[in-house]
Amino acid sequence: MKSGRRQLSTAEERRETVLRTAIGAFAARGYFGTTTTEVAKAAGISQAYVYRLFPNKEALFVAVVEHCFVRVRAALEGGAAKAESSSSEAVLASMGDAYARLISDNNLMLVQLHAQAAAVSEPAIREAVRAGYARSVEYVRSASGGGEQQVQQFFAVGMLCHLLVSIDAEAISAPWTRTLSAGIMHY
């Protein structure tokens, strides 16, 4: 016979729920435009409980940024594992494809863009972004075996992808969008 009692989630499960919910909230309005009240409401918990999990909005946003970098790393690892050969070009191409698929989830891409913008004036966010990119660059370098210029090009194209997706360049048929989009895959 089943008990009629409700099973409570653990703090770690609630933390994951808040992080997933916060990605959508921060993607929509950025670090400066999003309140912890909005995050709490979207997660179906009280604002006080958000503060039990994260001491302040900055810590919550930093955790969201770190969570997004974990997802990026997982996508890059998956891409590297699917490469057609072990050449640095093949591995980088496969990781790039995996990243393009990942950022088709606009929320993740928008959080990355908002984090870069907030990093200009918020030291804790700047450090989280720096640390995330440091780990990502070192992973791409080691997984691909690519040289400095290849790794730099990989990240430059990734940033260009952010721009193209954020301005919906695909919707505009003009010489400048064709120039910027040439050879870049979107999903």
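Parameters and conventions
- Residues numbered from 1 in each chain as written.
- Predicted model: local features only at pLDDT ≥ 70, side-chain atom pairs only at ≥ 80, totals over all residues.
- Heavy atoms only, no water.
- Core = buried A, V, L, I, M, F, W, Y, C linked by side-chain atoms within 4.5 Å.
- Buried < 20%, exposed > 50% of the residue type's maximum accessible area, 1.4 Å probe, protein only.
- Helix = DSSP H or I, 4+ residues; strand = E, 2+ residues; numbered from the N terminus.
- Contact = heavy atoms within 4.5 Å.
- Polar contact = N/O pair within 3.5 Å; in protein donor to acceptor, adjacent residues only side chain to side chain.
- Patch = residues over 30% accessible without salt bridge, like charges linked within 9 Å, V, L, I, M, F, W, Y side chains within 5 Å.
- Areas by Shrake-Rupley, 256 points an atom, 1.4 Å probe, with all protein chains shown as cover.
- Salt bridge = Lys/Arg side-chain N within 4 Å of Asp/Glu carboxyl O.

(A) Quick look at the nonpolar core. Among the nonpolar cores identified, the biggest contains 54 residues, and L60, V64 and M95 are the most heavily contacted of them. For this core, the leading source of residues is helix α4 (residues 57-81), giving 12 residues. If we ignore the near neighbours within four places in the chain, the residues touching L60 are V18, L19, A22, F26, V39, V50 and F54.

(B) Here's a closer look at the side chain of H162. Locating H162 in the fold gives a position in helix α8 (residues 148-166). H162 sits in the buried class, given a relative accessible area of 2%. Polar contacts involving the side chain of H162 include one to the side chain of Q112, which spans 3.2 Å.

(C) Structural view of a nonpolar patch on the surface. On the surface, a cluster of nonpolar side chains totalling about 410 Å² of accessible area is made up of L163, I167, I172, W176 and L180. Position of L180 relative to the elements: it lies in helix α9 (residues 175-181).

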